[in-house]
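# Examining the three-dimensional arrangement
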Amino acid sequence: LLSILYVGQLVSIPLWGLLADRWGRRPVLILGLVGLIVSVAGFGVAPTYFWALVARFLWGVLCGNTGVVKAYLSEITDSTNTGRAFGLL
């Protein structure tokens, strides 16, 4: 059940990067957060193991925007506070 999350991230990380380059970082982050809320709620109410796997996979797919977060963070910080900002991740 745990490893399916990482499979979802593996599949989706390049797609999140392409979407962020095309639509912008902020809309992609908001879309990922909204989808993450839905998938976590779906995992919480999953009636069977199969639906828990599906919800957990979607959780990984929608949580795959960590690369976008790092790119956005590097854009909004300068050389004086980049280390501190990345340390807070």
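Parameters and conventions
- Residues numbered from 1 in each chain as written.
- Predicted model: local features only at pLDDT ≥ 70, side-chain atom pairs only at ≥ 80, totals over all residues.
- Heavy atoms only, no water.
- Phe/Tyr/Trp six-rings, centres within 6.5 Å; stacked < 30°, edge-to-face > 60°.
- Helix = DSSP H or I, 4+ residues; strand = E, 2+ residues; numbered from the N terminus.
- Buried < 20%, exposed > 50% of the residue type's maximum accessible area, 1.4 Å probe, protein only.
- Lys NZ or Arg CZ within 6 Å of the ring centre and 35° of its normal.
- Patch = residues over 30% accessible without salt bridge, like charges linked within 9 Å, V, L, I, M, F, W, Y side chains within 5 Å.
- Areas by Shrake-Rupley, 256 points an atom, 1.4 Å probe, with all protein chains shown as cover.
- Salt bridge = Lys/Arg side-chain N within 4 Å of Asp/Glu carboxyl O.
- Arc of directions from axis to C-beta.
- Polar contact = N/O pair within 3.5 Å; in protein donor to acceptor, adjacent residues only side chain to side chain.
- Contact = heavy atoms within 4.5 Å.

Applying the stated criterion to the full structure yields two aromatic pairs. Centre to centre, the rings of F43 and W59 are 5.7 Å apart; their planes meet at 65°, and the pair counts as edge-to-face. Here F43 is found in helix α2 (residues 25-44), whereas its partner W59 is found in helix α3 (residues 49-62), with 16 residues between them in sequence. The exposure class assigned to F43 is partly exposed, which follows from its relative accessible area of 27%. Aromatic pair F50 and W51: ring centres 5.2 Å apart, planes at 75°, arrangement edge-to-face. Among the residues examined, F50 registers a relative accessible area of 52% and is labelled exposed. Sitting above the plane of the F43 ring, R56 keeps its charged end 5.8 Å from the centroid.

A cluster of nonpolar side chains, contributed by V7, L10 and V11, occupies part of the molecular surface with about 280 Å² of accessible area. Residue position: V7 is located in helix α1 (residues 3-23). By relative accessible area, V7 is classed as partly exposed at 39%.

The next thing to look at is helix α4 (residues 66-76). The complete set of buried residues in α4 reads V68, Y72 and L73. An end-on view of α4 places all buried positions within 135° of arc, on one side of the element.

A separate point is the side chain of R25. Residue position: R25 is located in helix α2. Polar contacts involving the side chain of R25 include one to the side chain of D21, which spans 3.2 Å. Here R25 is in contact with A20, V68, A71, Y72 and E75, once residues within four sequence places are set aside.

Time to look at the side chain of S39. Within the secondary structure, S39 sits in helix α2. Owing to a relative accessible area of 5%, S39 belongs among the buried residues under this scheme. Sequence-distant contacts of S39, that is, excluding residues within four places in its chain, are made with A55, L58, W59 and L62.

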